[in-house]
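# Per-entry structural report
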Amino acid sequence: MTRPVTLFTGQWSDVPLAELVQKTAEWGYQGLELCCWGDHFEVQRALTEDSYCQKKLDLLGRQGLSVPVLAAHRVGQAVCDAIDARHKTLLPDYVWGDGEPEEVRQRAAEEMMATVRAAQKLGVAVVTGFTGSPLWSYVAGYPGPPADVVEEGFQRFADTWNPILDVCRDCGVKFAFEVHPGQIAFDLYSAEMALQVLDEREEFGFTFDPSHFHWQGIDPAEFLRRFPQRIYHVHVKDAVLTLNGRNGLLNAYLPPGDSRRGWHFRSPGRGGIDWETIIRTLNDIGYDGPLSVEWKDSGMDREFGAEEACKFVKRLDFEPPPAHDEGDNDKV
């Protein structure tokens, strides 16, 4: 069975969901990874209005679309972060409140618990998102953090997220953390540390997005091979390195799309990622969930790109052979 191709709506939250649903179906997608901002999915309305979730399902169902995953990146970011003015634009007013950092973190954690309960009500088994990080400012910085500071930061992460994961356990929902720069885990080894401090509890796994590994110089397929049972969701997003001897991987404060940057996101198939190896590795580990296009490309019209990306992923994906066929090609 080939995997469903879905569209992550986070980059489309400026488009009313009713309009995006129609476009998405016309482009050929089979479902949506709904973001919990804009009008795409409102967590508190889902919990307080009896018909809210069913209306969302009916809206998608009329176009033959499913919703296998909810995305809660923005609120999740505030759960463990050092809160500052940047977070205000990410959060609902009722989570931001007066902006007092510890209270913001507490309200963000409560909102993540509410998101898990809303996912259960919607019939969704996976919530994806960020965790934030009390340690990110130390990464590649000076002076480097001593071991006890790193240990304390990971313990703070565990203390904050375990109650959220308890709600996941009670609701039968898994949290797929997107390993990403700016988070508690951003590469293979920091992902190992995050799992370890959570005692490898089953509710916590990963959203695999190869674009973030590619520009760091990590082989994305190695991440899949290291965590074959922990890949709960997959993003399809490409990236390209444009190092020219003057720029670097940290991008010198330059915004997305600036030609002076050392790397850029690209529409799937137009960057440097080896998608063939990724699909084969997903087959090897038995991943059968959605392939969710997270479309970003500052040099392309997004509607053209989203439709092209859907076609690309459908051409790319293929089923592995039945187990009993293994080795048949070696027969004389």
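The coordinates are above.
As a convention, each chain's residues are numbered from 1 in the sequence order in which they are written. Only residues with pLDDT of at least 70 are given local features in this predicted model, and only at 80 or more are side-chain atom pairs given and counted; all residues enter the totals for whole chains, interfaces and linings. Side-chain measures were taken over the full set of non-hydrogen atoms in the model, leaving aside hydrogen atoms and water.

Cis geometry marks the peptide bond from Y142 to P143; its omega dihedral reads -5 degrees. Helix and strand labels come from DSSP, where a helix needs a run of H or I of at least four residues and a strand needs a run of E of at least two; each type is numbered from the N terminus. With respect to the helices and strands, the residue P143 is situated in the loop between β4 (126-129) and α7 (147-171). Here the phi dihedral of Y253 falls at roughly 65 degrees; this positive angle occurs in a residue that is not glycine. As for its position among the elements, Y253 is in the loop between β8 (238-241) and β9 (263-266). Classification of Y253 by relative accessible area gives exposed; the value is 86%. Accessibility here uses a 1.4 Å probe with only protein chains present; expressed as a share of the type maximum, an area under 20% marks a residue as buried, one over 50% as exposed, and anything in between as partly exposed.

Here we take up a nonpolar patch on the surface. Patches here: salt-bridge-free residues with over 30% relative accessible area, like charges joined within 9 Å, nonpolar side chains (Val, Leu, Ile, Met, Phe, Trp, Tyr) joined within 5 Å. For accessible areas, the Shrake-Rupley method is used with a probe of radius 1.4 Å. Any residue's cover is judged against the shown protein chains and nothing else. Between Lys or Arg on one side and Asp or Glu on the other, a salt bridge is scored when a side-chain nitrogen of the former is within 4 Å of a carboxyl oxygen of the latter. Among the surface-exposed residues, L241, L243 and L249 lie close enough to one another that they form a single nonpolar patch of about 230 Å² accessible area. Assessed through its relative accessible area of 36%, L241 is described here as partly exposed.

For the rest of this paragraph, the subject is helix α3 (residues 52-61). All of the buried residues in α3 are Y52, C53, K56, L59 and L60. For α3, the arc enclosing every buried residue in end-on projection is 125 degrees, short of the 170-degree limit, so these residues lie on one face. Directions drawn from the helix axis to the C-beta atoms are what define this arc.

Moving on, we come to the pattern of salt bridges. Overall, the coordinates contain 23 salt bridges when judged by the stated rule. Between R270 and E308 there is a salt bridge; the shortest N-O distance is 2.7 Å. In this pair, R270 sits in the loop between β9 and α11 (275-285) while E308 sits in helix α12 (residues 302-316), placing the two residues 38 residues apart along the sequence. When the shortest N-O distance is used, the salt bridge between E276 and R280 registers 2.8 Å. Taken together, the residues span about one helical turn, with E276 and R280 both in helix α11 at a distance of 4 residues. Accessibility expressed as a relative area gives 45% for R280, which makes it partly exposed. Within this structure, D166, R169, D170, R201 and E203 form a network of salt bridges that share partners.

Pairing between strands is defined by DSSP: at least two bridges between the two strands are required. Spatially, 8 strands are ordered β1-β2-β3-β4-β5-β6-β7-β10 in a closed barrel, and the strand pairing comes out parallel. Each strand axis lies, on average, 30 degrees off the axis of its neighbour in the sheet, ignoring direction. Sheet topology places strand β1 (residues 5-8) next to strand β2 (residues 31-35); 3 bridges connect them, and they run parallel. Residue pairing across strands places F8 opposite E33, the latter belonging to β2. Working convention: axes come from line fits to C-alpha atoms, limited for helices to the stretch in contact. Angles between N-to-C directions cover 0 to 180 degrees.

Turning our attention to the packing of aromatic side chains. Any Phe, Tyr or Trp ring, taking Trp's six-membered ring, that has another such ring centre within 6.5 Å forms a pair; planes under 30 degrees apart are called stacked, those over 60 apart edge-to-face, and the others tilted. In this structure the tally under the stated criterion is 18 aromatic pairs. Ring centres of F175 and F204 lie 6.2 Å apart, and the angle between their planes is 40 degrees; on these two criteria the pair is classed as tilted. You can see F175 sitting in strand β5 (residues 174-178) and its partner F204 sitting in strand β6 (residues 204-208), a full 29 residues away along the chain. Take F204: its relative accessible area is 0%, and that puts it in the buried class. Of the aromatic side chains, those joined through ring pairs into one cluster are F157, W161, F175, F177, F204, F206, F208, F213, F223 and F227. The positively charged end of K237 is found above the aromatic ring belonging to F265, 4.3 Å away from the centroid. Between the NZ or CZ atom of R261 and the centre of the ring of W263, over which it lies, the distance is 4.8 Å. In this scheme, the term charge over a ring applies when either NZ of a lysine or CZ of an arginine sits within 6 Å of the ring centre and within 35 degrees of the ring normal.

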